Amino acid sequence: MTTTAIRGLWVLLAILALNACATPTRNEGLRVRLYNYAAAIRWNEIEQASAYVDPAVLAEKPFSTELRERWAQVQVSRYFEGPQSIDAEGRVLQTVEIELVDRATQTVRSVVDRQRWRYDEVAKIWWLESGLPEL
């Protein structure tokens, strides 16, 4: 091989490597969505967390003032993610235990959130199909 051919091969490999890095995979997209959603819940940013909920679910059950007020009464003290699984339809299932402290009484309680995430092929994004945790 000539030096020009070797350089051309290296340039082609570099372009392919950069292209692969530029387009996140479906699994990487899920990892990022789960991480950002968990961070929003951990920091009591419930408005931000609601942005991860499937738009069809939000249309049926909108994020109400009552729910917003309930979340304002508690502080998340722990967010423990359980193992993930995949159902027959390709949805990712995850059980999360959320420990909450009531701001008024300082009592602690736990909520089990059974999350179901679906991948939207058109938008290329994962949506929380199960909705926000019930308090």
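Residue positions are given per chain, counting from 1 as you read along its sequence in written order. For this predicted model, a pLDDT threshold of at least 70 governs which residues receive local features, and a threshold of 80 or more governs which side-chain atom pairs are given and counted, while totals over whole chains, interfaces and linings are taken from all residues. The side-chain quantities take in all heavy atoms of the structure and omit both hydrogens and water.

## Notes on the pairing of strand β1 (residues 74-86)
Pairing of β1 with strand β2 (residues 92-102), which is carried by 10 bridges, proceeds in the antiparallel orientation. Of the residues in β2, the one forming a bridge with Phe-80 is Glu-97. DSSP bridges decide pairing: two strands pair if at least two such bridges lie between them. Only DSSP runs of H or I covering at least 4 residues are called helices, and only runs of E covering at least 2 are called strands; the numbering of each starts at the N terminus. Linking β1 back to β2 in an antiparallel pair, the connection comprises 5 residues, with Gly-90 at a positive phi of about 85 degrees.

## A word on helix α2 (residues 26-42)
Expected span, for any helix, means 1.5 Å times one less than how many residues it has. Helix length check: α2 (17 residues) gives 24 Å between terminal C-alpha atoms against 24 Å at 1.5 Å per residue, within 8%. Burial classes: relative accessible area under 20% of the type maximum marks a residue as buried, over 50% as exposed, and values in between as partly exposed (1.4 Å probe, protein chains only). Leu-30, Arg-33, Leu-34, Tyr-37, Ala-38, Ala-40 and Ile-41 are the residues of α2 that are buried. Buried residues of α2, viewed axially, fall in a sector of 160 degrees; they line one side. Phi for Asn-44, located one or two positions after α2, is positive at around 55 degrees. The directions considered for the arc are those from the helix axis to the C-beta atoms.

## A short note on the pairing of strand β3 (residues 108-120)
Bridge count between β2 and β3: 10 bridges; the pairing is antiparallel. From the neighbouring strand, Leu-93 faces β3, where its bridge partner is Arg-116. In this structure, β3 lies alongside strand β4 (residues 125-128), joined through 4 bridges in antiparallel fashion. Residue Trp-117 lies in a different strand from β4, and its bridge partner there is Leu-128. Linking β3 to β4, which pair antiparallel, is a turn of 4 residues; within it Lys-124 sits at a positive phi near 60 degrees.

## A short note on the confidence of the model for the protein chain
With 82% of its residues at a pLDDT of at least 70, the protein chain reaches an overall mean of 86. Helix α1 (residues 3-22) is the least confidently modelled element of the protein chain, averaging 52 in pLDDT, while β2 averages 96, the highest of any element. The pLDDT value expresses, per residue, how confident the predictor is, ranging between 0 and 100.

## Examining the sheet that holds β2
Spatially, 4 strands are ordered β1-β2-β3-β4 in an open sheet, and the strand pairing comes out antiparallel. Edge positions in the open sheet fall to β1 and β4, since each of these has one partner strand only. The sheet shows a mean angle of 30 degrees between the axes of neighbouring strands, taken without regard to direction. Sheet strands in contact with α2 are β1, β2, β3 and β4, and its direction is about 160 degrees off that of β1. Axis definition: a line fit to C-alpha positions, over the contact stretch in the case of helices; interaxial angles, taken between N-to-C directions, run 0 to 180 degrees. Should any heavy atoms of two residues lie within 4.5 Å, those residues are counted as being in contact.

## What about the side chain of Gln-94?
Tracing the sequence through the fold places Gln-94 in strand β2. Nitrogen and oxygen atoms within 3.5 Å of one another constitute a polar contact, given that in protein one can donate a hydrogen and the other can accept it, and given that sequence-neighbouring residues count only through two side-chain atoms. In terms of polar contacts, Gln-94 uses its side chain to reach the side chain of Gln-84, at 3.1 Å. Those residues within four positions of Gln-94 in sequence are excluded, and the remaining contacts are Leu-34, Glu-81, Gly-82, Pro-83, Gln-84, Asp-113, Arg-114 and Gln-115.

## Let's talk about the pattern of salt bridges
What counts as a salt bridge is simple: a side-chain nitrogen of Lys or Arg found within 4 Å of a carboxyl oxygen of Asp or Glu. A full pass over the atoms with the stated rule returns 13 salt bridges. Put simply, Glu-81 and Arg-42 hold a salt bridge, and the shortest N to O gap is 3.7 Å. One end of the pair, Glu-81, is in strand β1; the other, Arg-42, is in helix α2, and 39 residues separate them in sequence. The class of Glu-81 is partly exposed, set by a relative accessible area of 34%. Residue Arg-42 is classed as partly exposed on the basis of its relative accessible area, which comes to 33%.

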